[in-house]
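Tertiary structure, described
Chain by chain, the residues:
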Amino acid sequence: RVRLGVRLLGGVDLGTMPAAAFTASLGFTLRDARWQGELALAWVASQRAVSNDGVGGAFDAGRVSLRGCGVPLVGRIELRGCVGVDVGWISGVGVGVTAPQGGTAPSVAARVGAEAAWRALPWLAAVVQVDGFAVVERPTFAWRDGTALHAPGPVGALLQVGVELAW
């Protein structure tokens, strides 16, 4: 039987921003006993990267994720292996300069990971998710002279926990 679901996850993103950042996502799922598909919208907490003299940039990011998971262990505890793709954006604006300029750039990443779910009730589960990502389209934010200010890492990780409702 195919079931629809919704999930709310929060955790840490290692690689998108200049330092580890809080991330939250809202996902919509379609699942059967042995597979699960998910479309999720995520927000990554804003960060600043500034030098000792107060010059740098402020950054924001978000993404849309499409993931597919195989579910080899089904029951009260489920294990899932997942692959997917993220299409997102990162925006930045200068900080500590007289005429700050900003810009927005796309970001594309491939994801692979695993998650575990503990089904407390048939319609409610606690979820732990660990995904690694490799950035395929990697924007770089730089000063006019070409000095790089920030670029997402070529690889990163997402560690999230949350709840999943299915009906």
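Procedures and definitions
Residues numbered from 1 in each chain as written. Predicted model: local features only at pLDDT ≥ 70, side-chain atom pairs only at ≥ 80, totals over all residues. Heavy atoms only, no water. Pairing = 2+ DSSP bridges. Helix = DSSP H or I, 4+ residues; strand = E, 2+ residues; numbered from the N terminus. Buried < 20%, exposed > 50% of the residue type's maximum accessible area, 1.4 Å probe, protein only. Polar contact = N/O pair within 3.5 Å; in protein donor to acceptor, adjacent residues only side chain to side chain. Contact = heavy atoms within 4.5 Å.

Attention shifts here to the pairing of strand β6 (residues 102-121). As paired elements, strand β5 (residues 77-95) and β6 share 17 bridges and run antiparallel to each other. Looking across to β6, one finds that Ser91 is bridged to Thr104. Following β5, the chain reverses through six residues before pairing antiparallel with β6; Gly96 in that reversal takes a positive phi of roughly 80°. By the bridge criterion, 13 bridges tie β6 to strand β7 (residues 124-137) in an arrangement that is antiparallel.

Moving on, we come to the side chain of Glu115. Note on placement: Glu115 falls in strand β6. On the basis of relative accessibility, which here comes to 3%, the residue Glu115 falls in the buried class. One polar contact links Glu115 to Arg7, side chain to side chain, over a distance of 2.8 Å.

Assignment of secondary structure puts Gln47 in strand β3 (residues 35-50). The exposure class of Gln47 is buried, given its relative accessible area of 14%. Considering only alpha carbons, one finds Gln47 and Ala21, 26 residues apart in sequence, at a separation of 7.7 Å. Excluding its chain neighbours within four sequence positions, the residues that come into contact with Gln47 are Met17, Pro18, Ala19, Ala20, Ala21, Gly57, Ala58 and Phe59. A distance of 3.0 Å separates a polar side-chain atom of Gln47 from the backbone nitrogen of Ala19.

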